[in-house]
Amino acid sequence: MSPIGPAGGAALQFLASVLGAKAVAEVGTGTGVSGLWLLRGMASDGVLTSVDLEAENQRHAREVFTEAGIAPQRFRLIAGSALDVMPRLTDAAYDLVFLDGDKVEYGEYLQQALRLVRPGGVIAFDNALWHDRVADPTQRDPQTAAIRELLQQVANDERLRPVLLPVGDGLLAAQLIG
């Protein structure tokens, strides 16, 4: 798993900033790169909740956040499976939900994110172009198929106002209308 690049990170920082985000949920802590971009765009008292299956990733992210001068009360790191943790998070409590976990689970993440994000908030998925495989109909691996299905779900959901940004490996963002 590679961290989000500078263009995708800047897009996340921008989204967090224009939303005035005070509460952001992230699936896929990784090395803390995306979390740092999000925290830099959030309100100064905003809190990032980041979920990752690997406790080691979260240990590393905690170090990255601390070295960057982010106060410990501004982030909450939860080790566990996203599909086990997300149902325990508060409904409509998040300004932004960023998803960069298991690509095969993206459709299920969407269902959880729709519950977690507040009206007017944004749901964003990294790797929406999946190494240019999504646009190639000959690519039929499980990850590519799941991302294609997600793109279709989001496009067909009347509650969402989506945009596919061609930054990095593709960033799909969708505002919950309401």
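Scroll up to find the structure.
Remarks on the overall build of the protein chain
Now for step 1: Scanning the protein chain from N- to C-terminus turns up six helices and seven strands.
Now for step 2: Listing the helices and strands of the protein chain from first to last along the sequence gives α-β-α-β-α-β-α-β-α-β-α-β-β.
Now for step 3: The dimensions of the protein chain, computed from C-alpha atoms along their principal axes, are 45 × 35 × 30 Å.
Now for step 4: Buried residues in the protein chain amount to 50% of all 178 residues.
Now for step 5: Taking the contacts inside the protein chain whose residues are at least 6 apart along the sequence as the reference set, 65% of them involve residues at least 24 apart.
Now for step 6: Only carbon and sulfur atoms are counted for the fraction: they give 54% of the accessible area of the protein chain, which is about 8200 Å².
Now for step 7: Between the mean site of the 15 positive side-chain charges and the mean site of the 22 negative ones, the protein chain shows a separation of 5 Å.

A closer look at the sheet that holds strand β4 (residues 94–99)
Now for step 1: Strand order in the open sheet formed by seven strands is β3-β2-β1-β4-β5-β7-β6, and the pairing between neighbours is mixed. Every interior strand has two partners, whereas the edge strands, β3 (75–79) and β6 (160–165), have only one. Taken pair by pair, the neighbouring strands of this sheet meet at an average axis angle of 15 degrees, ignoring direction.
Now for step 2: Sheet topology places strand β1 (residues 23–27) next to strand β2 (residues 47–52); five bridges connect them, and they run parallel. Bridging across to β2, A23 finds its partner in V47.
Now for step 3: Packed on one face of the sheet, helix α2 (residues 33–41) meets β1, β2 and β4 and runs near 170 degrees to β1.

A short note on the nonpolar core
Now for step 1: Ranked by internal contacts, the top residues of the largest apolar core, which has 32 residues, are V97, L99, Y109, L110, I123, F125 and L160.
Now for step 2: Going through the elements one at a time, β1, α4 (82–85), β4, α5 (106–116), β5 (117–126), α6 (142–156) and β7 (171–176) are the ones with two or more residues in this core.
Now for step 3: The element contributing the most residues to this core is α5, with six residues.
Now for step 4: Those residues in contact with V97, other than ones at most four positions away along the chain, are A25, A113, L116, V117, V122, I123 and A124.
Now for step 5: The next biggest cluster of nonpolar side chains, apart from the first, holds 24 residues, and it includes A11, A16, L39 and M42.

Digging into the layout of surface pockets
Now for step 1: Quantified by volume, the largest pocket comes out at close to 250 Å³.
Now for step 2: What lines the largest pocket is a set of 16 residues, among which D52, L53, G101, D102 and Y109 lie closest to the centre.
Now for step 3: Looking at the lining of the largest pocket residue by residue, the class counts come to six nonpolar, five polar and five charged.

Looking at the pairing of β2
Now for step 1: For β2, a buried count of five out of six residues is recorded, marking the element as mostly surrounded by other parts of the structure.
Now for step 2: Handedness of the β1-α2-β2 crossover: right-handed.
Now for step 3: Direction of pairing for β2 relative to β3: parallel, over a ladder of five bridges. Bridge assignment links L48 to a residue of β3, and that residue is F75.
Now for step 4: For the crossover that starts at β2, traverses helix α3 (residues 55–67) and ends in the parallel β3, the hand is right-handed.

What about the packing of aromatic side chains?
Now for step 1: Here the structure, examined in full by the defined rule, presents three aromatic pairs.
Now for step 2: Measuring from centroid to centroid gives 6.0 Å for Y106 and Y109, while their planes differ by 50 degrees, and the two rings are tilted. With Y106 and Y109 both in helix α5, this residue pair falls three residues apart, about one helical turn. Exposure class is identical for Y106 and Y109. Each is buried.
Now for step 3: Aromatic rings pair up to connect Y106, Y109 and F125 into one cluster.

Reading the values: rules and limits
- Numbers given for residues are sequential positions, taken from 1 along each chain in its written order.
- Only residues with pLDDT of at least 70 get local features here, since the model is predicted, and only at 80 or more are side-chain atom pairs given and counted; chain-wide, interface and lining totals rely on the full set of residues.
- Hydrogen atoms and water are omitted, and side-chain values are computed over all heavy atoms in the structure.
- Every helix listed is a DSSP run of H or I at least four residues long, and every strand listed is a run of E at least two residues long, numbered separately from the N terminus.
- Throughout, exposure labels follow a simple rule: accessible area from a 1.4 Å probe, protein chains only, divided by the maximum for the residue type, with under 20% read as buried, over 50% as exposed, and the rest as partly exposed.
- Should any heavy atoms of two residues lie within 4.5 Å, those residues are considered in contact.
- Every accessible area reported is derived by Shrake-Rupley at a probe size of 1.4 Å, with residue values counting cover from the shown protein chains alone.
- Neither His nor the chain ends contribute to the count of charged residues, in which Lys and Arg are positive and Asp and Glu negative.
- To locate a charge, take NZ of a lysine, CZ of an arginine, CG of an aspartate or CD of a glutamate.
- For two strands to count as paired, DSSP must find a minimum of two bridges between them.
- With axes taken as lines fitted to C-alpha atoms, and helix axes fitted only over the stretch in contact, angles between N-to-C directions fall between 0 and 180 degrees.
- Think of a nonpolar core as a cluster: buried Ala, Val, Leu, Ile, Met, Phe, Trp, Tyr and Cys residues, connected wherever their side-chain atoms sit within 4.5 Å.
- Here a cavity is any set of points on a 1 Å grid over the protein atoms alone where a 1.4 Å probe fits but cannot get out, and a pocket is any open set with protein on both sides within 12 Å along at least 5 of 7 lines; a residue lines the site when it has an atom within 4 Å of a point.
- Grid points are joined across faces, edges and corners, and a volume is the space filled by probe spheres set on the points.
- Side-chain classes are defined by residue name, with Ala, Val, Leu, Ile, Met, Phe, Trp, Tyr, Cys and Pro counting as nonpolar, Asp, Glu, Lys and Arg as charged, and the others, Gly among them, as polar.
- Call a crossover right-handed when, viewed with both strands pointing away from you, the route from the first strand across the helix to the second goes clockwise.
- Two rings from Phe, Tyr or Trp (for Trp, the six-membered ring) form a pair when their centres sit within 6.5 Å of each other. Planes less than 30 degrees apart are called stacked, planes more than 60 degrees apart edge-to-face, and all others tilted.

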